[in-house]
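A structural walkthrough
Single-letter residue listing:
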Amino acid sequence: MIRPDAQLRAGHVPADLIPPGTDPRSVVIVHTTPRSWTGPVLLILAATVGISGLVYLTTVAVLSLMQVAATTAVAVKAAVPTLIGGGGLITLAVKVPKKPSK
């Protein structure tokens, strides 16, 4: 019992802790329970798993929406000539004005 807390846990009360004039047999040592880290550790793990799951689900949702948008764009690109009625004879062009010559 080298450490003072080990002495106290064993029930030995050092003489310097007993006030003068007090009967040593009437002294009661009250010990606090050691702190349990299970709750805080589990809370951090649950929060980490929750945030990771949220990031994963958000990523999957965004990638799914991008895939739907790409598929829709391909379908619209293929359907536009048919819907216009030209069977691919109509093309769209952008006219750029010519620069004035000097």
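As a starting point, this report considers the structure included with it. (Residues numbered from 1 in each chain as written. Predicted model: local features only at pLDDT ≥ 70, side-chain atom pairs only at ≥ 80, totals over all residues. Heavy atoms only, no water.)

**Let's talk about the overall build of the protein chain**
Quick note on the threshold: Here a helix means four or more residues in a row that DSSP labels H or I, a strand means two or more in a row labelled E, and each is numbered from the N terminus. Relative accessibility under 20% of the residue-type maximum defines a buried residue, over 50% an exposed one, and the middle range a partly exposed one, all with a 1.4 Å probe and only protein chains included. Methods summary: accessible areas were calculated by the Shrake-Rupley approach with a probe of 1.4 Å, and residue burial reflects only the protein chains presented.
Looking only at helices and strands, the protein chain has two helices and zero strands in total. For the protein chain, the proportion of its 102 residues judged to be buried stands at 2%. If you sum the accessible surface of the protein chain, you get close to 9600 Å²; carbon and sulfur atoms cover 70% of it.

**Quick notes on the packing of aromatic side chains**
As a reminder of what qualifies: Two rings belonging to Phe, Tyr or Trp (six-membered ring only in the last case) form a pair when the distance between their centres is within 6.5 Å. Interplanar angles under 30 degrees mark stacking, angles over 60 mark edge-to-face geometry, and anything in between is tilted. For a ring to carry a charge above it, either NZ of a lysine or CZ of an arginine must fall within 6 Å of the ring centroid while also lying within 35 degrees of the normal to the ring plane.
Throughout the structure, instances matching the rule amount to zero aromatic pairs. The lysine or arginine in question, R35, covers the ring of W37, its NZ or CZ lying 4.7 Å from the ring centre.

**Side note on the pattern of salt bridges**
Note the following rule: By convention in these notes, a salt bridge is any Lys or Arg side-chain nitrogen within 4 Å of a carboxyl oxygen on Asp or Glu.
In the structure shown here, the tally under the stated rule is one salt bridge. Salt-bridge contacts for D23 lead to R25; the nearest nitrogen and oxygen are separated by 3.4 Å. Judged by its relative accessible area of 34%, D23 is partly exposed. For R25, a relative accessible area of 76% translates into the label exposed.

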